[in-house]
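Inside the fold
One letter stands for each residue in the lines below.
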Amino acid sequence: MKKKNSYSFKQFFNSRFSLYAMLIVITISFICTYSKVYDVKLDLNGDNIHYYALGKALTEGKGFTNIMSFKETPHTHFPPGYPVFVAGVMKFFPNNINAVKIANGLLLFASILLLFFLLKKLSGSIIIPFLTCIFCSMHAEILRYATIMMSEMLFLFCSICTIYLILTIRPERLFTKQGYRDTLLLLPLLFLNNYIYFVRTMGTSLILAVILYTGILFFKQIIRYFRERKQKPENPNGLQRLLRYGLLFLLLAGSFAGTKVMWDIRNEHVGKTNNDYVRDFLKKPKGEVMATWNDWKERIGNNLITYTNKYIPNAILYTSYDLKVNSTAEVIRGIGVILLLLTALFFLGEKGLLLFLYLGATMAVLLVWPEQYGGLRYFIATIPFLIFLFFYSIQAIFWYIGKRRKKEFPAALPIACIVAIAMFFMFPAYSKALFEKKELAKYKSWSPQIAGNAFTEFTTAMQWCGKNLPDSARMICRKPELYFVYSGGKKCGNFSQYGKPEEILRQLIDQKATHIIIDHWFRHAYVTVYPLISTHYPEKFKFIGKFEQQGKQSNEPPTLIYEFHPEGRKIPSLRSTERN
């Protein structure tokens, strides 16, 4: 009777009705959450504006070019994959920021649907993929990147497609009549495995994982071939199988090597002599440079603690944490979560090898990455797999215990346990995080209530400059990308976050600056540039205007605009203004 009930349970959840019903529920869940957290406001990080400007340059026929700086030059910092996607959207919806953001939402929806089938293939289950996709559709941090112009959603989609393809293609059938489908799937696999490199630099971890995975499969076939050869010296089928595995490995490795070399040649051709990521990689939190082995040990140790105890548990369970404090409860929770993830990878066996390599390569990079750049953003595309592994580990533990006691648990028991954890522990935390995003989305523009006085003053100053300064003005401010947007497309220069007064002055002169904005959204302008005005070179600056919100605290400095003249001569200025 028990066996019949267990069979009926499995049979029901493996039926077409269950499959379609779950896909419908996932779709409804995504639409409900995405529509409520969708934010029409421009995101405050500068990277999304860079992506938008690069996409705009491509649509205007200027190529992969910086169009926000004084001199339009070939771009060498961000990879071109996402700007190409942005340009494709802008071909149909010109200069429409919301169209690009909605396209990111569609990428997330497509990713979640494909993730369902990928996890079903990996786990042999339908409940765990369903729960994983439901929580992905209401994961506040994932949804945030689906509502702004950033490359994370394109990377997530390409990553899931790549993993699905590599686990679907049967190498032994490549280039055979019976394997025409596998041969056809090889083309998008090769494209995506190289395109990922141009979407996010972090994508190299997946590319290397895929190459290493196929290399391991090829090595196993070599061992198998020589074992079979001892038993049967003439085995043409074994040799052909070995060659096909080897060909898959060589195509993936060779195409990526060729792609990277060609992009490096392009960058060298346009004058790129150093790597921005290497420079950032060597930077310490306070601006110093990594110099000793102790620096590296400290960084790895700090990242290991932070990711294990805070970021990874938060990514799965939405736990609260304090970066400045490491409590015993956090340590226990963090170690427990990591052990569960490793348990799931172990029980997945060969099917989990690719995930192990991908997640391992990603975390290895994050351990040596600068602490100041840490956070969920840098492993956002792996979060769906972390949620899946967390759920799968619970089921795997039940299987293992049942095997040891030589008596299987009822099929519904591990699922009931997983559902209970999801509903009573995860769902409330996810809903709380979503509530904050929903409340923020209700504001259709940035105001002091949600963005603070400093940002509101900064944007007001930039808008004033766009309307009142002549086109010949050469503005310098801390966020040129924001100036590009809020000034109506006018160009702007930048200054270093750190530097001696004479060094900062030289930067202003070299850029032929005529005006400068001193904001207090972050500390850099007042700490780095303002001393030139107040102490060292006051004769070179002329006050233009002050922007200050009413009712602000007296200890908050205002946003200031100055006219700059390197020779210190008095020159006619625009009418000074003061805004409240």
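Up top is the structure these notes are about.
About the thresholds
Residues numbered from 1 in each chain as written. Predicted model: local features only at pLDDT ≥ 70, side-chain atom pairs only at ≥ 80, totals over all residues. Heavy atoms only, no water. Helix = DSSP H or I, 4+ residues; strand = E, 2+ residues; numbered from the N terminus. Rg over C-alpha atoms; globule rule 2.2 N^0.38 Å. Buried < 20%, exposed > 50% of the residue type's maximum accessible area, 1.4 Å probe, protein only. Contact = heavy atoms within 4.5 Å. Areas by Shrake-Rupley, 256 points an atom, 1.4 Å probe, with all protein chains shown as cover. Core = buried A, V, L, I, M, F, W, Y, C linked by side-chain atoms within 4.5 Å. Polar contact = N/O pair within 3.5 Å; in protein donor to acceptor, adjacent residues only side chain to side chain. Salt bridge = Lys/Arg side-chain N within 4 Å of Asp/Glu carboxyl O. Expected span 1.5 Å × (residues − 1). Phe/Tyr/Trp six-rings, centres within 6.5 Å; stacked < 30°, edge-to-face > 60°. Lys NZ or Arg CZ within 6 Å of the ring centre and 35° of its normal. Axes fitted to C-alpha atoms, helices over the stretch in contact; angles between N-to-C directions. Left-handed = near helix turned anticlockwise from the far one by under 90°. Nonpolar A, V, L, I, M, F, W, Y, C, P; charged D, E, K, R; others polar. Pairing = 2+ DSSP bridges.

For the protein chain, the helix and strand inventory stands at 21 helices and six strands. For a compact globule of 580 residues, the expected C-alpha radius of gyration is about 25 Å, and the protein chain comes in at 28 Å, within 12% of that figure. In the protein chain, buried positions account for 49% of the 580 residues. Look at the contacts in the protein chain between residues 6 or more apart in sequence, and 72% of them connect residues 24 or more apart. Of the roughly 28,600 Å² that the protein chain leaves accessible, carbon and sulfur atoms contribute 62%.

Right, let's get into the environment of leucine 42. Tracing the chain through its elements places leucine 42 in the loop between α2 (16–37) and α3 (47–59). According to the relative accessible area criterion, leucine 42 is buried, its value standing at 13%. Taking the C-alpha atoms as reference points, leucine 42 and asparagine 98, 56 residues apart in sequence, are found 9.0 Å from one another. Apart from the residues within four sequence positions on either side, leucine 42 is in contact with Asn48, Ile49, Ile97, Met149, Trp446, Val485 and Tyr486.

Further remarks concern the nonpolar core. Phe379 and Phe391 are the most contacted members of the largest nonpolar core, which totals 155 residues. In contact with phenylalanine 379, other than residues within four places in its own chain, are Tyr307, Tyr311, Ile312, Ala315, Thr362, Met363, Leu366 and Leu386. One finds Phe495, Ile504, Leu505 and Ala513 within the second-largest nonpolar core, a separate group that totals 18 residues.

Among the secondary structure elements, serine 159 is positioned in helix α8 (residues 152–168). A relative accessible area of 0% means that serine 159 is categorised as buried. For serine 159, the side chain forms a polar contact with the main-chain oxygen of phenylalanine 155, separated by 2.6 Å. Not counting residues up to four positions away in its chain, the partners in contact with serine 159 are Ile196, Leu206 and Tyr358.

Right, let's talk about the side chain of histidine 520 for a bit. Mapped onto the secondary structure, histidine 520 falls in the loop between β3 (515–518) and α21 (524–536). A residue is classified by how much of its surface remains accessible, and histidine 520, at 15% relative accessible area, is buried. Within the structure, histidine 520 has its side chain in polar contact with the backbone oxygen of proline 557 (distance 2.7 Å). Other than its neighbours up to four places away in sequence, histidine 520 contacts Ala454, Glu457, Tyr526, Lys552, Glu556, Pro557, Pro558 and Thr559.

As enumerated under the stated definition, the model contains 23 salt bridges in all. Between aspartate 39 and lysine 41 there is a salt bridge, with its nearest N and O atoms 2.8 Å apart. Judged by its relative accessible area of 11%, aspartate 39 falls in the buried class. The partner of arginine 377 in a salt bridge is aspartate 47, with the nearest N and O atoms 3.0 Å apart. Here arginine 377 is found in the loop between α15 (353–368) and α16 (383–404), whereas its partner aspartate 47 is found in helix α3, with 330 residues between them in sequence.

An α-helical turn contains 3.6 residues, so a residue and the one three or four places further along point in the same direction. An ideal rise of 1.5 Å per residue puts 22 Å on 16 residues; α15 measures up with 23 Å between its terminal C-alpha atoms. Those residues of α15 that sit buried are Leu354, Leu355, Leu357, Tyr358, Leu359, Thr362, Met363 and Leu366.

Among the 10 residues in helix α6 (residues 127–136), 10 count as buried, and that is most of the element. When α6 is considered as a whole, its buried residues turn out to be Ile127, Ile128, Pro129, Phe130, Leu131, Thr132, Cys133, Ile134, Phe135 and Cys136.

Moving on, we come to the packing of aromatic side chains. The geometry of an aromatic ring pair is captured by the separation of the ring centres together with the interplanar angle, meaning the angle of the planes. Considering all chains together, one arrives at 35 aromatic pairs under this definition. Joined through ring pairs, the aromatic side chains of Trp446, Phe455, Phe458, Tyr486, Trp521 and Phe522 make up one cluster. Over the ring of tyrosine 378 we find arginine 377; its NZ or CZ atom is 5.5 Å from the centre of that ring. A cation over a ring is seen here: arginine 474 above phenylalanine 70, with NZ or CZ 4.0 Å from the ring centre.

The N-to-C vectors of α8 and helix α9 (residues 180–199) enclose an angle of 145 degrees; their axes lie 9 Å apart at closest approach. In terms of crossing hand, the pair formed by α8 and α9 is left-handed. Residues Leu154, Phe155, Cys158, Ser159, Cys161, Thr162, Leu165, Ile166 and Thr168 of α8 pack against Arg181, Asp182, Leu185, Pro188, Leu189, Leu192, Asn193, Tyr195, Ile196 and Val199 of α9. Considering only residue class, the contact of α8 with α9 consists of 13 nonpolar, four polar and two charged.

Below, the discussion takes up the pairing of strand β5 (residues 559–564). Counting buried residues in β5 gives six out of six residues, a clear majority hidden from the surface. Across the two faces of β5 the burial is the same, with Thr559, Ile561 and Glu563 and Leu560, Tyr562 and Phe564 all buried. In this sheet, β5 lies alongside β3 in antiparallel orientation, the contact comprising four bridges. When the bridges of β5 are listed, histidine 515 appears paired with glutamate 563.

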